[in-house]
Amino acid sequence: MAWYNSPGPENDVVISSRIRFARNLAGYPFTSRLTPQKARDVIVEASAALTGGDKKYKVIDFTQLTPAEARSYVENHSVSPEFIESRLPRALVENEEEGVAVMLCEEDHIRLQVLRPGLALREAYEKACELDDRLSAAADIAWDENLGYLTHCPTNLGTGMRASVMMFLPAMTLNKQIGALASSLSKLGLTMRGLYGEGSEADGFMYQISNQVTLGITEENTIKKLSDVVLQIIARERQLRASMMSDAPDRITDTVMRSVGALRYAHMMSSDEFLKHFAYVRLGISLGIVKDISYEKLGSLLVEVMPATLTLKAGHELGPTERDLARAKYIRETI
Amino acid sequence: MLCQKCKMKQANVFFKQTINGKTTQLCLCEDCAAESGIGFDFGFGLGKSFMPGLFGSVFEALSDGISSDFLGSQSTFTEKRCPMCGASFVDITHSGKVGCAKCYETFAPELSGTLQGIHGNVKHIGRRPKRIA
């Protein structure tokens, strides 16, 4: 069970939470200055230190994957697009059950990530600390008393931590409150971006909110600050949804049910169109309009109908039309 | 040899300038070199280019007839490089990233203003590794 198909706290507004630590092994140049052999040495040393030989963690050599296989890991948010575009040896240490996905030789030697469904920053943080402690007990990590964890890019110095929450904000988007929200967040040292673009129904009304500050603040305070703000946003979003239902229940119900119909019966569907219908059906579940589709079942589509993941299911390359047909078919069979 | 500007610290940044056949040399410590604007501003890939006018004025201010064969075999341009990864400050400003952990120590004077700009005047108060080398 992964972040996109499992239940989590505050699921109606928060899709997932992520904690990421950036770490580097002492004694090696940072990633952009690694030779291929040194990158392989980093991978061997880091993966051994992280896993301690525990077989529940898979170590996936990304140089051995096909483009579609590599891309599917981007689509389920395990790795970044930059990771699969790199030409250096690189690997992923993962345990899907725990939400653990550690990139080796991305921008830093070790990008330790834990993803959890819903609002679960503390749980994700505790798992990340467990892995980080095991890593730093077994390997020398680049660290300085004043600058903290030493990272390839100076903006990550200090905690090296990025705490983020993926939020679903249809009511705030439709009521044009996202701009003001982004501006307020910036004043608090937080940043916000649309998940796939600038934030609209074509992006599923999804946004990622993260901390920006990493030096001069503890990890615990970073998480507390982010959680406090997220709870306020949750309250605002729910209030706006209630107002929308009170002001125009028929119009919203009609929009939601048209999207249910499209997902259940469309013969072809593009990614953009899917995200729009996904968003309205998800809103419909939270408003009690849609009673026979769960967040988990709908959430699974978010990853399963992405282009590379569809290609892997088909077992061969798909052209754009074939992908749109395959997507619609998979959705009809799931929903 | 001592830095020509402060006359206190050891010089380890050496420059040679030749204009119209006349060569002058400059020997500075890291701090005076950074203060004099000899070098690059760290700009995350948007680094300012080298400022020859400022460089020239430093030469005029400090040059006092030092012989062009003073450095003997040091006849080529010498810039500071990280002893661990070989990165120069030019490399860092060009890419926006440092080359290794040692760069933070090697280029501490050059980086201090930039780190302060990003993070403010703070130090780390968060987690530490279980094992510190």
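Overview of the structure. (Residues numbered from 1 in each chain as written. Chains lettered and ligands numbered in written order. Predicted model: local features only at pLDDT ≥ 70, side-chain atom pairs only at ≥ 80, totals over all residues. Heavy atoms only, no water.)

A few words on the layout of surface pockets. All names here are of chain A. Put simply, the largest pocket is a space of about 1,100 Å³. The wall of the largest pocket is formed by 44 residues, among which R18, V79, S80, P81 and R193 lie closest to the centre. Among the secondary structure elements, those contributing two or more residues to the lining of the largest pocket are β1 (14–23), α2 (67–75), α3 (81–85), β5 (110–117), β8 (161–168), β9 (190–194), β10 (206–211) and α9 (271–286). For the lining of the largest pocket, the per-class residue count stands at 18 nonpolar, 14 polar and 12 charged. (1 Å grid on protein atoms, 1.4 Å probe; cavity = no way out; pocket = protein on both sides within 12 Å on 5 of 7 lines; lining within 4 Å. Points joined across faces, edges and corners; volume = space filled by probe spheres on them. Helix = DSSP H or I, 4+ residues; strand = E, 2+ residues; numbered from the N terminus. Nonpolar A, V, L, I, M, F, W, Y, C, P; charged D, E, K, R; others polar.)

Residues and elements named next belong to chain A. Under the defined criterion, the tally for this structure stands at three cavities of 30 Å³ or more. Here the largest cavity defines a volume of roughly 90 Å³. Forming the boundary of the largest cavity are 13 residues, of which W3, Y4, I15, R282 and G299 lie nearest the centre. Broken down by secondary-structure element, the contributors of at least two residues to the lining of the largest cavity are α9 and α10 (295–304). Top element by residues in the lining of the largest cavity is α10. It accounts for four residues. Broken down by class, the residue content of the lining of the largest cavity amounts to seven nonpolar, four polar and two charged. Size it by volume and the second largest cavity reaches roughly 40 Å³. Lining the second largest cavity we find G189, L190, N211, Q212, V213, I217, T222 and K225.

As a further point, take the pattern of salt bridges. Under the counting rule described, the total for this entry stands at 29 salt bridges over all chains. Between D140 of chain A and R131 of chain B there is a salt bridge; the shortest N-O distance is 3.1 Å. Remark: R131 of chain B occurs in the segment after α5 (108–119) and D140 of chain A occurs in the loop between α4 (121–138) and β6 (143–144); the pair is interchain, linking two chains. For R131 of chain B, a relative accessible area of 35% gives the class partly exposed. The salt bridge partner of R241 of chain A is E237 of chain A, with a shortest N-O separation of 2.7 Å. (Salt bridge = Lys/Arg side-chain N within 4 Å of Asp/Glu carboxyl O. Buried < 20%, exposed > 50% of the residue type's maximum accessible area, 1.4 Å probe, protein only.)

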